Amino acid sequence: MAPSPTKRRSVAEEPVTSVLPDGDVPYDPTHEFSADDEALAALGYKSEFKREFSLFTTFCVSFAVLGLLPSFASTMYYGLGYAGTAGMTWGWLIAMIGIQSVACSMAEICSSMPTSGGLYYASAVLAPPGWGPFAAWITGWSNWFAQISGAPSVNYGVASMILAAASINNPDYIPSTWQTFLVTVFLMIIHSVMSSLPTRWLAKINSGGSTFNFIALIIVIIMIPAGTDRQSRGLPRFEDSSVVWGSIYEGTSFPAGISVLMSFISVIWTMSGYDSPFHLAEECSNASIAAPRAIVLTSATGGLFGWFLQLVVAYTVVDIDEVLASDLGQPFAAYLMQCMSQKLTLAILAMTIIAGFSMGQGCMIAASRVTFAYARDDCFPLSKFWKQVNPITKTPVNAVWLNCGVGIILLLLMFGGELAVGALFSIGAIAAFVAFTTPIFIRVFFVGNRFRPGPWNLGKFSIPTGIVASAFVILMIPVLCLPTITGSELTAADMNWTCVVYGGPMTLIMIWWVVSARKWFKGPKVNIDHMMLGREGNVVMGVGDESSLKDRGSLSEEGKLSDKVPVKS
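Residues numbered from 1 in each chain as written. Predicted model: local features only at pLDDT ≥ 70, side-chain atom pairs only at ≥ 80, totals over all residues. Heavy atoms only, no water.

Draft legend 1. Summary view of a nonpolar patch on the surface. A surface patch of nonpolar side chains, amounting to about 550 Å² of accessible area, comprises W178, L182, I409, L412 and F415. When you line up the elements, L182 lands in helix 7 (residues 177–195). (Patch = residues over 30% accessible without salt bridge, like charges linked within 9 Å, V, L, I, M, F, W, Y side chains within 5 Å. Areas by Shrake-Rupley, 256 points an atom, 1.4 Å probe, with all protein chains shown as cover. Salt bridge = Lys/Arg side-chain N within 4 Å of Asp/Glu carboxyl O. Helix = DSSP H or I, 4+ residues; strand = E, 2+ residues; numbered from the N terminus.)

See the structure below:
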């Protein structure tokens, strides 16, 4: 007997975090709601984008943003320079335990709330009654700082590699700061133009770019050990394992264990792009399943292949001091020149540059969606301009160019020296993981078992995974602010300016909250009458405060909640 066909469950039949008043989906006789439309309506929003991203294309954008090869090349100074090869081998594995915990916990929340507001929306929903707006405010601004620093830092790394390649071809040429700045700005403008294109084109561009990114990564992982010429320099083909795994480079004034933790900035910054599917959820088909799968797939794939790349470099690097002090101005290029022929070095740099260009494009797309989502809730001055969707391309073009302008301003940090521009990378790491973990922390320690999971969830491992994720980030935030030099030898030139460049704006944001924003900011603004997840005993919690929801008539009379997305009859 042939097996009976299995009915495929749609998004509309799966549990979600929130429902509309009376369990209804707004009915329009001229428009048939898809399952994704129903799920988004249950979260309080009408669909404004075309859902032309699939699981694969969403993963492609996310993997392009992750950009393992260019990310590693851009942050090699920190990963190799703080703890040497030990930080690149077993240090990477330790860091990935915390990072994968963050990714899985985020994916679970994404499945429950697949909206482009992402982490900011989730913090507002999950926070205790009355604290939703403040949680959203902190999460949103921290995430925005991470997003807008992404494309500038990536493009700075790509520009440095382009000019390093020119210097390899012409040893008399030494790149200047202003030349690096102009090349970086040029890349920012190109990416902004590309990010203003229709979603369908963006999906195809990023699919191609991500495919190249992955292929280039595999080629480089194979090419480095196969093409190394260490033996012609009187060295063994590969470094001894006892040295690679056991030798900790004294790149800081701190004890070895702290140095290894400080080297995690390379891992954290490299692995901070897997939240992109969350922000693309409103453009993704079957979002509550495809988006969280893309998050976990990106993190797991990136963690594995990133470690392979770390290993081949750790076993072939010749002299760490020379790599860090090279006149090329780009440690990855200097490393390649130590152990490869010039032709192979230029070939690997060329692939890394192309992959980095794709990564910068993915960062610009993800950042524009975050900016649009926050502007939709009037978080920014002149939000009415930034939240506009272009009627022709159906993409948030104004948000793209706002991010471009802010990114160019951030690039002025490079005129402050190596450590100043390095703050771009550490800001991205800290700001991203503060935003990533805030809703996770609230979900674990305040919501607990009352959390309504979506179709993709961790089950009984949900809370333990969230605890590991929260502990990891709480440990790493102060570590990433430590300078490499301590005591009387510490000068302003050697200072880690992360605490100022990130802490300064966040302090101003807090002051803004106390002085003004708390009076008018009520959290994510929904464009459908809306009721959020309730507490036990039928106490209802809104995105903003409870009284404001009652004033808008958003609460049902009985305050009764359903655990499924409402399906239109």
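On we go from here.
Draft legend 2. View of the packing of helix 5 (residues 118–126) against helix 6 (residues 132–169). Running from amino to carboxyl end, helix 5 crosses helix 6 at an angle of 165°, the nearest separation of the two axes being 7 Å. As the angle between them shows, helix 5 and helix 6 are arranged roughly antiparallel. Here the hand of the crossing between helix 5 and helix 6 comes out right-handed. Residues L119, Y120, S123 and A124 of helix 5 form the contact with helix 6, whose participating residues are G132, A135, A136, T139, G140 and N143. In terms of residue class, the contact of helix 5 with helix 6 is made up of 5 nonpolar, 5 polar and no charged. (Axes fitted to C-alpha atoms, helices over the stretch in contact; angles between N-to-C directions. Parallel < 35°, antiparallel > 145°, perpendicular 65-115°, else oblique. Left-handed = near helix turned anticlockwise from the far one by under 90°. Contact = heavy atoms within 4.5 Å. Nonpolar A, V, L, I, M, F, W, Y, C, P; charged D, E, K, R; others polar.)

Draft legend 3. Layout of helix 2 (residues 55–66). The terminal C-alpha atoms of helix 2, which comprises 12 residues, lie 16 Å apart, in line with the 16 Å expected from a rise of 1.5 Å per residue. Turning to helix 2, its buried residues number three or more, namely T57, T58, F59, C60, V61, S62, F63, A64, V65 and L66. Where helix 2 is buried, its residues touch helix 3 (68–88), helix 8 (199–227), helix 11 (264–270), helix 12 (276–279), helix 13 (287–314) and helix 16 (342–376). Looking one or two residues past helix 2, G67 carries a phi angle of roughly 45°, positive in sign. (Expected span 1.5 Å × (residues − 1). Buried < 20%, exposed > 50% of the residue type's maximum accessible area, 1.4 Å probe, protein only.)

Draft legend 4. Geometry of the pattern of salt bridges. Taken as a whole, this structure holds 2 salt bridges when the rule is applied. A salt bridge links E108 to R443, with the nearest nitrogen and oxygen atoms 3.8 Å apart. Separated by 335 residues along the polypeptide, E108 in helix 4 (residues 90–112) and R443 in helix 19 (residues 418–447) bring together distant segments of the chain. The class of E108 is buried, set by a relative accessible area of 3%. Taking relative accessible area as the criterion, R443 reaches 6% and is therefore assigned buried. For the salt bridge of R233 with D229, the shortest nitrogen-to-oxygen distance reads 3.2 Å. For D229, a relative accessible area of 21% corresponds to the partly exposed category.

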